[in-house]
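Each chain, written out:
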Amino acid sequence: MFEPQPFHERRPGLVHPVRLDPTGAAGPTRGQARGPKWRTTSYGLRVPAGVELTPEQRTVEAAGVLREGEAVTGWAALRWEGSVWFDGTADGTEPRDVPLVVSRHLAPQPGLRLSQEFLAPYDIAAVDGLAITSRVRSVVFEMRYAASLGRAVEALDMACYSDLVSLAEVGAHAAALGPVTGIQQARDALAEGEENAWSPRETAMRGVWTRRAGLARPLCNVPVFSLEGVHVGTADLIDPVLGLVGEYNGALHVSGSSMAKDLRREAAFRDLGLETVTMVAADWGDLDDFTSRLLAARGRALARTGAPRWTVEVPAWWTPTTTVAQRRALAAWQQERFLRYRRAA
């Protein structure tokens, strides 16, 4: 009886999709495939019904149709490379199609997004048994075909979050492209990109801050210190000229311990003379209300008098991690220590 083969030794739990085999040696027979133990994937391929349909497994199943010179791209390729925020869904709900770049006509198939754009051999890499497009190509594909400019910026920010690309690397790739679909949106998103946003919602909040409220672009996740050099906290967003801090408290901040930590940090910021405004998930249903709160906080920040009792200039003992280059340069033990905030994602 046919036994499904693991996809790759470094990818436990993933299973190769297979074709029907009348002998049952290389795949299920037609009769077996009709039973409850198998399910159909792309273009008639099969996997055991009990295989968990994770984003990675969906990608493996979609890639079962690829030939030489074709590859997975977009969110699926970035996820395969370890970018955790690309979960294969739209806002954590509806599954997104797996994007493939193919060199031939294929009939449309549910769950797949097919592109026949030219793909040079140097744009393809084999990673753990899967053909994927280069990191810069994958993220620029996401940016070009994003539903909005804001979504394009989120894709860029989250690829930078995982240190897969830098803004400079993406800029060089985008500059070399001709008048392809969505290139202007990708270039507009590049102008708003940030290498140190820690979640898509932080990126979206930054968009509300700049595009909706019309405020100056804030810094993202920079450490704030007292004038004595004591680290007080790391602000999600901060305008160091106004002394205005923006905090985004999503689902990860609902627990008692996280909420208490957030409140202590906000109090510490206020003690130093910083004005703080907090955005929560419910605010996405009424952005006018949040924008009003944000502008009111700006007004209070402008009304403050006296010299600042805080600074965003890092002391000599601090290890900066605000850029992709800085994070890539960290030793393994430094990454474990200084990038531990990534565990929550």
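Note that residues are indexed from 1 along each chain, following the sequence as it is written. Whole-chain, interface and lining totals are the exception, using all residues; otherwise, since this is a predicted model, local features are given only for residues with pLDDT of at least 70 and side-chain atom pairs are given and counted only at 80 or more. The side-chain numbers reported here are obtained from all heavy atoms of the structure, hydrogens and water having been left aside.

**Points about the nonpolar core**
Consideration 1: We define the nonpolar core as a collection of buried residues of types Ala, Val, Leu, Ile, Met, Phe, Trp, Tyr and Cys that are connected through side-chain atoms lying within 4.5 Å of one another. Relative accessible area decides the class of each residue, using a 1.4 Å probe on protein chains only: under 20% of the type maximum gives buried, over 50% gives exposed, and in between gives partly exposed. Among the nonpolar cores identified, the biggest contains 47 residues, and Val-72, Leu-100 and Met-143 are the most heavily contacted of them.
Consideration 2: For the purposes of this entry, the term helix denotes a DSSP run of H or I that reaches at least four residues, the term strand denotes a run of E that reaches at least two, and both are numbered from the N terminus. Secondary-structure elements contributing two or more residues to this core are helix H2 (55-62), helix H3 (74-80), strand E8 (98-101), strand E11 (130-133), helix H4 (135-145), helix H5 (149-161), helix H6 (167-176) and helix H7 (183-192).
Consideration 3: If one sorts the elements of this core by residue count, H5 sits on top with eight residues.
Consideration 4: When residues no more than four places from it in sequence are discounted, the contact partners of Met-143 are Ala-152, Ala-155, Leu-156, Val-170, Gln-185, Ala-186, Ala-189 and Leu-190.
Consideration 5: Of all hydrophobic cores here, the second largest spans 17 residues; its members include Leu-215, Phe-290, Ala-297 and Ala-301. Note on definitions: a residue-residue contact is assigned when non-hydrogen atoms from the two residues lie within 4.5 Å.

**Observations concerning unusual backbone geometry**
Consideration 1: We note that Asp-128 has phi near 50°; this positive angle belongs to a residue other than glycine.
Consideration 2: Position of Asp-128 relative to the elements: it lies in the loop between strand E10 (124-127) and E11.
Consideration 3: On the basis of relative accessibility, which here comes to 11%, the residue Asp-128 falls in the buried class.
Consideration 4: The phi dihedral of Asn-221 is positive, around 50°, even though this residue is not glycine.
Consideration 5: Relative to the helices and strands, Asn-221 is located in strand E12 (residues 219-226).

**A short note on H2**
Consideration 1: Counting buried positions along H2 yields eight of eight residues, so the element is predominantly enclosed.
Consideration 2: For H2, every residue scored as buried is listed here: Pro-55, Glu-56, Gln-57, Arg-58, Thr-59, Val-60, Glu-61 and Ala-62.

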